[in-house]
Amino acid sequence: MEDADDDQLSTRYAAAKYAFLLPRIEMQEEEEGEEGEEGENEEHPDLVPADRQPRPPCPLSETAVGHERELQGRWDGGVRAAVAVGLVAEGGYLHRPKPRILARFENQLFCGRFSEDGDVFVSACQDRHIRIYDAAGPSFRLLRDVGARDVGWSILDTDISPDRRHLLYSSWSDFIHLVDISDDAAQDGHHEALDLKPRAHRFCVFSLQYSHDGSEVLAGSSDQSLYIYDLHRRERTLCIDAHSDDINSVSWADETSHILFSASDDCLCKVWDRRALKGGKPVGVLVGHLEGITHVSSKRDGRYLITNSKDQSIKLWDLRSMRQESRGQERSATFDYRYGDQYVSPTQRKIFEGKLVHANDCSINTYRAMMAQVFQTLVRCYFSPAAGTGQRYIISGSHDGAAVIYDLLSAEPVARLQAHKRVVRDVAWHPHQPRIVTTSWDGTLREWVATPDVTPMLLE
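Residue numbering note: each chain is counted from 1, following its sequence as written. Only residues with pLDDT of at least 70 get local features here, since the model is predicted, and only at 80 or more are side-chain atom pairs given and counted; chain-wide, interface and lining totals rely on the full set of residues. With hydrogens and water set aside, each side-chain value is computed from the structure's full complement of heavy atoms.

Going by what an unreviewed UniProt entry lists, the protein chain is known as Transducin family protein and is assigned to Acanthamoeba castellanii.

Novice: Could you give an account of the sheet that holds strand S6 (residues 129-134), naming the residues involved and the relevant values?
Specialist: The pairing criterion for strands is at least two bridges between them, as found by DSSP. Secondary structure is summarised from DSSP: a helix means a run of H or I of at least four residues, a strand means a run of E of at least two, and numbering begins at the N terminus for each. The 4 strands are arranged S4-S5-S6-S7 in an open sheet whose pairing can be described as antiparallel. The open sheet is flanked by strand S4 (109-114) and strand S7 (141-147), the only strands paired with a single partner. Across this sheet, the average inter-strand angle for adjacent strands is 15 degrees, counted without regard to direction. Relative to strand S5 (residues 120-125), S4 is paired through 5 bridges, and the arrangement is antiparallel. Paired with Phe114 across the bridge in S5 is Phe121. With axes taken as lines fitted to C-alpha atoms, and helix axes fitted only over the stretch in contact, angles between N-to-C directions fall between 0 and 180 degrees.

Novice: Outline the pattern of salt bridges, listing residues and values.
Specialist: Whenever a carboxyl oxygen of Asp or Glu lies within 4 Å of a side-chain nitrogen of Lys or Arg, that contact is scored as a salt bridge. For the coordinates displayed, the defined rule picks out 21 salt bridges. Across the pair Arg113 and Asp159 runs a salt bridge whose closest N-O atoms are separated by 3.0 Å. Pair noted here: Arg113 is in strand S4 and Asp159 is in strand S8 (residues 157-160), with a separation of 46 residues, a long-range link. Relative accessible area decides the class of each residue, using a 1.4 Å probe on protein chains only: under 20% of the type maximum gives buried, over 50% gives exposed, and in between gives partly exposed. Take Arg113: its relative accessible area is 17%, and that puts it in the buried class. Linking Asp145 and Arg131 is a salt bridge whose minimum nitrogen-to-oxygen distance equals 3.8 Å. Taken as a pair, Asp145 in strand S7 and Arg131 in strand S6 lie far apart in primary sequence, 14 residues in all. A residue is classified by how much of its surface remains accessible, and Arg131, at 10% relative accessible area, is buried.

Novice: I'd like to hear about the UniProt feature "repeat: WD" (unreviewed entry) in the protein chain, residue by residue, with values.
Specialist: UniProt positions are given in the numbering used here, feature names are shortened, and annotations may be inferred rather than shown by experiment. Within this numbering scheme, the UniProt entry marks residues 198-239, 240-273, 286-327 and 417-448 as carrying the feature "repeat: WD" (unreviewed entry). Between the end C-alpha atoms of residues 240-273 there is a gap of 12 Å, over a span that is 0% helix and 56% strand. Span residues 417-448 is 0% helix and 59% strand, its end C-alpha atoms 8 Å apart.

Novice: Talk me through the environment of Asp246; I want residue IDs and the actual numbers.
Specialist: Its location among the elements puts Asp246 in the loop between strand S15 (235-241) and strand S16 (247-252). C-alpha of Asp246 to C-alpha of Ser264: the two residues are 18 residues apart in sequence and 5.5 Å apart in space.

Novice: Report on the pairing of strand S9 (residues 166-170), specifying residues and quantitative values.
Specialist: Judged by how many residues are buried, S9 sits mostly within the fold: 4 of 5 residues are covered. Two strands pair when backbone bridges link them, and S8 and S9 are joined in this way by 4 bridges, in the antiparallel orientation. The residue of S9 that forms the bridge with Asp157 is Ser170. Taking the residues between adjacent antiparallel strands as the criterion, S8 and S9 are bridged by 5 residues, where Arg164 takes a positive phi near 65 degrees.

And the structure:
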């Protein structure tokens, strides 16, 4: 083969960097490395130095090249490190340096999210109360204070139905709870316990999510199982022994509710197709994290998703690059984040710093820089909304009390919203307005609002 000239090399680099924008060939099988190249050593055969990590081949395309030139011109305008929340290209709206405190509590806050239309905000606290706010106006107004029932330790996840008439929440319990929060319901709501009929004696749903039409609930649990509950029939319709460790997060892939994702402490994110569940096997596995996965979030296009992990990285995935399930893909998580970063081995430190990576990593981008830290609790990450930002950014909470925003394509951090005194467990980006709400263990909800008259705050 003839050597490539400079133009060809430039084209190949651009196509590789933005390959997830392009059509990809069929799902790839696991490839065995050459003898002596599998890993760092015999103790960690799936680890390789970052500069030896194999990357999948990518097709060339003038579209990718053109897109890279467009991005290069956009970011060379002097705003690359500005606190930009996705509106840099359209008016230069920037976040003010100091957020507004929306609410303050004596206990830790675990969850905070907007409804699909952005008019309602739901917050869950360790004091066993779920507070529902009117977020349609410039300030939050408390609409309803729901006292949760059958709570073990804390409320761990919540979701609001698409029609905003019902609320779901979970905890250490055999049940997930459904609350009627419609206008004509009582202030505390009508509570109904939905029995998942778990096999374990001690059971917790760490993550739950309504389907797009509000008829089903997807849940991931401590018994390593994936559940689907039919709200019309009031019964569990699916239970899959899905992972070898806790399932920390679940997500539907798109509005069809056919494809779903599960992310676990076994370091794997699995892809399931409800139309092909014969034998209880996933249709694919996303391999690349080296510690337990704390959160999975879908782009809702049936193709892309992101995961946050205790290996201190966020990864972007394309379903067209997923692997076939095979033995030995799961890893036993070695980092116990309940003790923070006090007991980190030299190998773990190299993993956290990105010096050691998975030999068979099939992700298409990694966001690291030790900016968004996962040294406590199940820290969450999300795509920015389609309206206003075009889902151009990724936002994540962090152990050090910050929310960090990354550019989706360059993987560079572009903003760091620092105000909390303890871990930011959840972040919520308004679906239509330049507003971000951070939920922290310091007991505060804080709102970051874009304004057109603020000097850019650079990311150092």
